[in-house]
Amino acid sequence: MSSENLPQSPEQPSRKPRVAVVFGGRSSEHGISVVTAGAVLRAIDRTKYDVLPIGITRDGRWALTADEPDRMAITERRTPSVEELAESREGGVILPVDPANREVVYSEPGSVPKALGEVDVVFPVLHGPYGEDGTLQGLLELSGVPYVGSGVLASAVGQDKEYMKRVFTSFGLKVGPYVVIRPREWQLDEAAARKKIIDLAGEHGWPLFVKPARAGSSIGITKVDDLDGLDEAIAEAQRHDPKILVEAALRGREIECGVLEFEDGPRASVPAEIPPPEAHAYYDFEAKYIDSTPGLVPAPLTPQETAEVQRLAVDAFEAASCEGLVRADFFLTEDGDFVINEINTLPGFTPISMYPAMWKASGIAYPELVDRLIQAALHRPTGLR
């Protein structure tokens, strides 16, 4: 019998790509991640994508959460949490570990596991360790699930400020003076470790900035004006990371630039300037997220300065082998040099964050920016590339 005479099954409608927005996490930036997730969930085009919100609690449980962006906002100077949004106190979401199977399962004690359907792409909006640092990216690579943003190496380099600076230096990008204190140094000879910091101040002067080496959102950072405040600053940084970074203050203007990957390669946004916040000693967590200190977009730079910082931002993106998106932060010194401070491979994505603001000023509104990132991830394979 000819196949032409066989009954034909009706053509199945193609389903929309399913985006899992993963947020929260075990780092000290948990709350800001939830705020970012709310903005991303609000912006995703629901006529184009199905969405599955997955929150990671502070103790590491993957929770099924309500798709309610309005509950993911800062209220009364307080950030939200996954624990407040989770549909169950015990249930857990399980990602596939078989690249041939992208089906996500939800399991609760005493209940039959429930299939939640396949996930086509993950949009991770985790900030800090256990998410932004290559750990989640490695899990997704093993699972064969595409994801937004940089891969394992670039994510790890972007999280660890010491190795970030080492990579940038090797590619000819200027970085400021700094020293690193590893946990073993501190444990074996605290006096020698402290002397390294004091020698940095002796060479470059006070103030110094004492930071966790692998954190973001200005959490755990202290501006130290003299020797008296040093020990307290070290203790605060070590509360977030046993490895700390101490930087000499750079006198100049704070300039940021966004990088977005297009089909023909990465491009830079118009830059922004972060003016010194009036009510804060520097651009700290409260200035960024609670008091919402506004940046200047675009930055008041000359055309030559704008072109230079855009070039350097793309150079930094390429140096660290980044993908998708990056925010690159610089100081424009009194000598007219751009010194790179750091990159952020999953920059703040809240409605007030500088990365989306810079791209909006460059002609790409927030919803389009989110869509571009999802589409880029859908078309990029996992594995070596």
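- Going by an unreviewed UniProt entry, the protein carries the name D-alanine--D-alanine ligase and comes from Streptomyces gottesmaniae.
- As recorded by UniProt, the Pathway (unreviewed entry) comment attached to the protein reads in full: "Cell wall biogenesis; peptidoglycan biosynthesis."
- As its UniProt record puts it under Subcellular location (unreviewed entry), the protein is described as follows: "Cytoplasm".

### Quick look at empty space enclosed by the protein
(1) Moving on: In the structure shown here, the tally under the stated rule is three cavities of 30 Å³ or more.
(2) Moving on: A volume near 90 Å³ is recorded for the largest cavity.
(3) Moving on: Elements with a contribution of two residues or more to the lining of the largest cavity: helix 4 (152–159), helix 5 (161–170) and strand 16 (338–344).
(4) Moving on: If you tally residues by element for the lining of the largest cavity, the top one is strand 16, at three residues.
(5) Moving on: Along its surface, the second largest cavity is lined by Thr36, Phe123, Pro124, Val125, His127, Leu325, Leu346, Pro347 and Phe349.
(6) Moving on: Of the residues that constitute the lining of the second largest cavity, the class distribution is seven nonpolar, two polar and no charged.

### Structural notes on the packing of aromatic side chains
(1) Moving on: In this structure the tally under the stated criterion is five aromatic pairs.
(2) Moving on: Centroid distance phenylalanine 349 to tyrosine 355: 5.9 Å. Interplanar angle 35°. Geometry classified as tilted. Of the two residues, phenylalanine 349 and tyrosine 355, both sit in the buried class.
(3) Moving on: Counting every residue linked through ring pairs, the aromatic cluster contains Phe123, Phe349, Tyr355 and Tyr366.
(4) Moving on: If you follow arginine 166 out to its NZ or CZ, it ends over the ring of tyrosine 163, 5.9 Å from the centre.

### Comments concerning the pairing of strand 5 (residues 103–107)
(1) Moving on: On strand 5, burial follows the alternation: Val104 and Tyr106 on one face are buried, whereas Glu103, Val105 and Ser107 on the facing-out side are not.
(2) Moving on: Bridge count for strand 4 (residues 92–94) against strand 5 is three bridges, and the pairing is antiparallel. Within the sheet, the bridge partner assigned to isoleucine 94 lies in strand 5 and is valine 105.
(3) Moving on: Relative to strand 6 (residues 114–118), strand 5 is paired through four bridges, and the arrangement is antiparallel. The residue of strand 6 that forms the bridge with valine 104 is glycine 117.

### Section: helix 10 (residues 303–319)
(1) Moving on: Here helix 10 spans 24 Å end to end across 17 residues, near enough to the 24 Å set by a 1.5 Å rise per residue.
(2) Moving on: Buried within helix 10 are the following residues: Thr306, Val309, Leu312, Ala313, Val314, Ala316, Phe317 and Ala319.
(3) Moving on: Immediately downstream of helix 10, the backbone of serine 321 shows phi near 60°, a positive value.

### Thoughts on the pairing of strand 13 (residues 265–268)
(1) Moving on: Summarising the sheet, strand 12 (residues 252–262) and strand 13 pair through four bridges and their orientation is antiparallel. Along strand 13, the bridge assignment pairs leucine 260 with arginine 267.
(2) Moving on: In this structure, the hairpin formed by strand 12 and strand 13 is closed by a connection of two residues.

### Some details on the sheet that holds strand 6
(1) Moving on: Ordered by their spatial adjacency, three strands build an open sheet running 4-5-6, and the pairing between neighbours is antiparallel. Strand pairing shows two members of the sheet lacking a second neighbour, strand 4 and strand 6, which therefore form its edges. Taken pair by pair, the neighbouring strands of this sheet meet at an average axis angle of 25°, ignoring direction.

### Points about the nonpolar core
(1) Moving on: Judged by nonpolar contacts, the single largest core of 35 residues is most densely connected at Val21, Phe23, Val40, Ile44, Phe123, Phe349 and Val370.
(2) Moving on: Listed by contribution, the elements that provide at least two residues to this core are strand 1 (18–24), helix 1 (30–43), helix 2 (82–85), strand 7 (121–124), strand 12, helix 11 (354–361) and helix 12 (366–378).
(3) Moving on: Ignoring any residue separated from it by four or fewer positions in sequence, one finds valine 40 in contact with Val21, Phe123, Val125, Phe349, Tyr366 and Val370.
(4) Moving on: Grouped together as the second largest cluster of nonpolar side chains are 25 residues, Leu173, Ala320, Val326 and Ala328 included.

### Here's the deal with the pattern of salt bridges
(1) Moving on: All told, the structure shown has 33 salt bridges when counted by the stated rule.
(2) Moving on: Arginine 385 is paired through a salt bridge with glutamate 141; the nearest N and O atoms lie 3.0 Å apart. Of the two residues, arginine 385 sits in the segment after helix 12 while glutamate 141 sits in helix 3 (residues 135–143), which places them 244 residues apart along the sequence.
(3) Moving on: For glutamate 162, the salt bridge goes to lysine 243, with nearest N and O atoms at 2.8 Å. You can see glutamate 162 sitting in helix 5 and its partner lysine 243 sitting in the loop between helix 8 (230–238) and strand 11 (244–248), a full 81 residues away along the chain.

Parameters and conventions
Residues numbered from 1 in each chain as written. Predicted model: local features only at pLDDT ≥ 70, side-chain atom pairs only at ≥ 80, totals over all residues. Heavy atoms only, no water. UniProt positions renumbered as here; feature names shortened; annotations may be inferred. 1 Å grid on protein atoms, 1.4 Å probe; cavity = no way out; pocket = protein on both sides within 12 Å on 5 of 7 lines; lining within 4 Å. Points joined across faces, edges and corners; volume = space filled by probe spheres on them. Helix = DSSP H or I, 4+ residues; strand = E, 2+ residues; numbered from the N terminus. Nonpolar A, V, L, I, M, F, W, Y, C, P; charged D, E, K, R; others polar. Phe/Tyr/Trp six-rings, centres within 6.5 Å; stacked < 30°, edge-to-face > 60°. Buried < 20%, exposed > 50% of the residue type's maximum accessible area, 1.4 Å probe, protein only. Lys NZ or Arg CZ within 6 Å of the ring centre and 35° of its normal. Pairing = 2+ DSSP bridges. Expected span 1.5 Å × (residues − 1). Axes fitted to C-alpha atoms, helices over the stretch in contact; angles between N-to-C directions. Core = buried A, V, L, I, M, F, W, Y, C linked by side-chain atoms within 4.5 Å. Contact = heavy atoms within 4.5 Å. Salt bridge = Lys/Arg side-chain N within 4 Å of Asp/Glu carboxyl O.

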